[in-house]
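The lines below spell out each chain.
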Amino acid sequence: MVSCPRRIADVSRSVRSVPAAAACLALLLTACSGGGDHSTGGASGVGDPYFPKAGNGGYDVSHYGLTLAYAPGDSSGDSPLLTATAAITARAEQELSSFQLDLTGLDVTEVTVGGDRARWSRTGQELVVRPADTLPKGETFEVRVRYSGSPETITDPDGSKEGWLRTADGALALGEPTGSMAWFPGNHHPGDKASYDIAVTVPKGLTAVSNGELRSEKPTGDGRTTFTWHTAEPMASYAATVAIGRYIVTRSATEEGLPVYVAVDPSQTAASRAVLARLPEAMEWAEYNFGPYPFSSTGAIVDRPEDSAYALETQSRPVYPGAPDTVTLVHELAHQWFGDSVTPKTWRDMWLNEGFATYAEWLWTEDEGGATAEQTFTDLYDNGEEEYEDLWEFPPARPTTAAQISAPPVYQRGAMVIHRIRQTVGDDAFYDIVQGWAAAHRHGNASTDDFTAYVERAAPDEDFTSIWSDWLYGSGKPELTQPEG
Ligand code: TRP
Ligand code: ZN
């Protein structure tokens with residue numbers, strides 16, 4: 001609807017021959033009244049099989065510059081207030097008379113495109129932007145959105161809380177799968193990764209932590225402090241985070257010189273100390289197994305959201321909703337390779353994240369002298385339903401609904417797929433595959449088809465047919481045939 005009048009105006013301006021233009025106009029009017037010609041309006045989603053409204057069509061974001069100020073509110077009932085500007089650099093992949101951004105809640109006060117005021121409207125999670133001039137295909141443009149309000153906590157399809165979570169002294173942003181639209185407008189689908197600069201101004205005494213490296217920490221002159229964070233490597237928006245509160249901050253470096261920034265809520269320091277002390281060791285272990293670390297810093301954020309929340313592999317600096325145990329630390333670190341660097345093309349490919357991260361737990365446990373990965377696999381195969389009731393309910397690569405993308409068939413059975421590959425090719429070829437896969441799609445996106453094709457190319461003499469058909473895509477509990485050799 002919105003793009004029709006604009007499109008006609010554009011055509012009448014740009015077509016030179018008057019009779020032709022008139023005919024064209026008449027045609028378009030017919031087209032519009034008969035259902036509308038939306039060909040130059042960017043689509044409201046990218047067609048994700050589980051989250052059709054996530055992301056948007058017609059453009060590709062290269063950078064987010066987020067300038068946020070947060071006042072956490074107080075016990076007298078003042079609600080927390082976020083005041084923000086998002087400066088988004090994107091390239092038009094088609095002619096765009098309008099395009100959409102995902103944003104939920106909050107009040108938008110101004111939108112500009114290329115410095116000129118743009119018209120905008122909101123429907124559901126879509127912020128529809130109509131630039132003053134149609135953007136030609138191939139054009140790089142900057143859209144700025146000013147907004148404010150009290151950001152929402154979102155309940156995702158499986159009932160988990162995400163988006164903007166309040167803590168006793170601040171807030172914590174969690175974005176998987178769709179939480180990030182609660183705190184900044186964007187192309188919120190894992191298929192469009194970008195670099196980020198995130199500046200957060202908070203009342204003096206509070207710290208604002210985000211992804212990447214801290215570039216500066218400056219007093220504003222009015223009793224607040226601005227923390228500026230930089231992420232150079234491509235980041236999916238669900239892996240972006242901001243944590244605001246009183247933290248005990250520890251800055252150090254790994255033996256290789258990688259900066260480590262760890263922020264812990266004071267109530268969690270005692271319980272976290274021993275496990276966080278193992279962060280450099282876990283990083284080294286992960287590099288040995290998965291190849292070079294893909295980012296330029298590491299760390300952790302440990303906080304206490306008021307709603308119960310999940311741990312998340314926020315890029316370079318995972319979030320833990322309370323002191324983690326060591327396997328959770330290893331799980332989130334493994335996601336830096338599998339999820340954050342090699343990111344799923346759609347939410348259907350989630351098992352590529354969780355299967356690998358769960359398998360990392362098995363490998364770590366084995367290296368620590370606990371159960372071997374083979375024992376974990378066998379035990380799950382024989383008795384898995386006791387712990388994970390729905391383990392065989394659907395295949396890892398085909399969750400039945402959006403509510404199941406974080407269910408045991410994706411995590412545990414996903415890890416079993418990885419182990420079946422290892423059983424088939426043997427240890428040497430297996431580690432080549434794991435590291436080669438992480439290297440081949442470093443800082444990119446990959447699908448399940450990309451993965452099966454990669455494995456087949458890497459081990460051309462092996463037959464993976466039944467692993468794919470029974471373990472990855474098949475319903476029910478697969479039969480366990482002995483691998484040859
Ligand atoms: N991906 C997170 C992890 O494995 C967990 C997670 C994210 C999650 N979103 C979720 C778990 C929704 C359950 C429901 O570290
Ligand atoms: Zn995970």
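Residues numbered from 1 in each chain as written. Chains lettered and ligands numbered in written order. Predicted model: local features only at pLDDT ≥ 70, side-chain atom pairs only at ≥ 80, totals over all residues. Heavy atoms only, no water.

Novice: Explain the sheet that holds strand 6 (residues 119–123) here, please?
Specialist: Pairing between the strands of a sheet comes from backbone hydrogen bonds, and it takes one of two forms, parallel or antiparallel. Strand order across the open sheet formed by 3 strands is 3-7-6, with antiparallel pairing between neighbours. Every interior strand has two partners, whereas the edge strands, strand 3 (99–102) and strand 6, have only one. Each adjacent strand pair in this sheet contributes to an overall mean axis angle of 25°, direction not counted. Across 5 bridges, the pairing between strand 6 and strand 7 (residues 126–130) is antiparallel. In the sheet register, Ser121 faces strand 7, and the bridge partner there is Val128. (Pairing = 2+ DSSP bridges. Helix = DSSP H or I, 4+ residues; strand = E, 2+ residues; numbered from the N terminus. Axes fitted to C-alpha atoms, helices over the stretch in contact; angles between N-to-C directions.)

Novice: Just to check I follow, could you spell out the packing of helix 4 (residues 279–290) against helix 9 (residues 427–440) for this structure?
Specialist: When two helices pack together, their arrangement is given by the angle between the helix axes and by the axis-to-axis distance. Two elements in contact, helix 4 and helix 9, have axes separated by 8 Å at closest approach and are oriented at 100°. One way to sum up the angle between helix 4 and helix 9 is to call them roughly perpendicular. Between helix 4, through Tyr288, Asn289 and Phe290, and helix 9, the contact on the second element is made entirely by Tyr431, Val434, Gln435 and Ala438. In terms of residue class, the contact of helix 4 with helix 9 is made up of 5 nonpolar, 2 polar and no charged. (Parallel < 35°, antiparallel > 145°, perpendicular 65-115°, else oblique. Contact = heavy atoms within 4.5 Å. Nonpolar A, V, L, I, M, F, W, Y, C, P; charged D, E, K, R; others polar.)

Novice: Hey, could you run me through the coordination of the zinc ion (ligand 2) in this one?
Specialist: Put simply, a metal with four donors set out as a tetrahedron has ideal angles of 109.5 degrees, and one with six donors set out as an octahedron has ideal angles of 90 or 180 degrees. The coordination sphere of the zinc ion (ligand 2) contains the protein donors His331 (NE2), His335 (NE2) and Glu354 (OE), at a distance range of 1.9 to 2.0 Å. Viewed at the metal, the 4 donor atoms of the zinc ion (ligand 2) are separated by angles of 98 to 138°, and the geometry they form is irregular. Each donor residue of the zinc ion (ligand 2) belongs to the same chain, with the gaps between them written as H-x3-H-x18-E. Of this pair, His331 sits in helix 5 (residues 326–337) while Glu354 sits in helix 6 (residues 350–367), and the two are 23 residues apart along the sequence. Glu354 gets classed as buried once you look at its relative accessible area, which sits at 1%. (Donors = N, O, S within 2.8 Å, 3.2 Å for Na, K, Ca; no water. Tetrahedral: all angles 85-135°; square planar, octahedral: opposite > 155°, others 65-115°. Buried < 20%, exposed > 50% of the residue type's maximum accessible area, 1.4 Å probe, protein only.)

Novice: What is the right way to read helix 6 from this model?
Specialist: Since one α-helical turn is 3.6 residues long, residues separated by three or four positions face the same way. The terminal C-alpha atoms of helix 6 lie 26 Å apart, and with 18 residues this matches the ideal 26 Å at 1.5 Å per residue to within 8%. Counting buried positions along helix 6 gives 14 out of 18 residues, so the element sits mostly inside the fold. Just past helix 6, the residue Gly369 takes up positive phi, approximately 90°. (Expected span 1.5 Å × (residues − 1).)

Novice: Hey, could you run me through the site of ligand 1 in this one?
Specialist: Ligand 1 sits among 13 residues. The nearest are Asp158, Glu176, Glu332, Glu354 and Tyr411. One of the side-chain nitrogen or oxygen atoms of Glu313 is found 3.3 Å away from a nitrogen atom of ligand 1. Between Tyr411 and ligand 1, the recorded distance is 2.8 Å, taken from a side-chain N or O atom to an oxygen atom. When the free accessible area of ligand 1 is taken as 360 Å², the share hidden by the protein chains comes to 89%. If you tally residues by element for the shell around ligand 1, the top one is helix 5, at 3 residues. Considering only residue class, the shell around ligand 1 consists of 3 nonpolar, 4 polar and 6 charged. (Near = heavy atom within 4 Å. Polar contact = N/O pair within 3.5 Å; in protein donor to acceptor, adjacent residues only side chain to side chain. Areas by Shrake-Rupley, 256 points an atom, 1.4 Å probe, with all protein chains shown as cover.)

Novice: Sorry if this is basic, but what is going on with the domain arrangement of the chain here?
Specialist: Accessible area lost during the coming together of the parts is what is often quoted as the interface size. Considered domain by domain, the chain is made up of domain 1 (8–38), domain 2 (40–245), domain 3 (247–336) and domain 4 (342–472). A separation of 24 Å is found between the C-alpha centroids of domain 2 and domain 3. Of the roughly 2300 Å² buried between domain 2 and domain 3 on both sides combined, carbon and sulfur atoms contribute 57%. Connecting domain 2 to domain 3 are 0 salt bridges. Between domain 2 and domain 3 we count 14 residue pairs in polar contact (both at pLDDT 80 or more) in total. Sorting the residues of the side of domain 2 that touches domain 3 by element identifies strand 10 (161–167), strand 11 (170–174), strand 13 (207–210), strand 14 (213–219), strand 15 (224–235) and strand 16 (242–245) as the ones contributing at least two each. (Domains from an automatic or database assignment. Buried area = accessible area lost by both parts, 1.4 Å probe. Salt bridge = Lys/Arg side-chain N within 4 Å of Asp/Glu carboxyl O.)

Novice: When you look at the environment of Gln94 in this model, what are you seeing that I'm missing?
Specialist: Inspection of the secondary structure assignment puts Gln94 in the loop between strand 2 (81–92) and strand 3. When its relative accessible area of 24% is taken as the criterion, Gln94 is described as partly exposed. Between the C-alpha atoms of Gln94 and Asp303, which are 209 residues apart in sequence, the distance is 42 Å.

Novice: Mind showing me how you'd approach the pattern of salt bridges here?
Specialist: When the charged atoms of two side chains lie near each other, side chains of opposite charge can form a pair. What the rule picks out here adds up to 8 salt bridges. We note a salt bridge from Arg278 to Glu281, for which the minimum N-O separation is 2.9 Å. For Arg278, a relative accessible area of 23% corresponds to the partly exposed category. Take Glu281: its relative accessible area is 39%, and that puts it in the partly exposed class. Two residues, Glu368 and Arg278, come together in a salt bridge whose shortest N-O distance is 3.0 Å.

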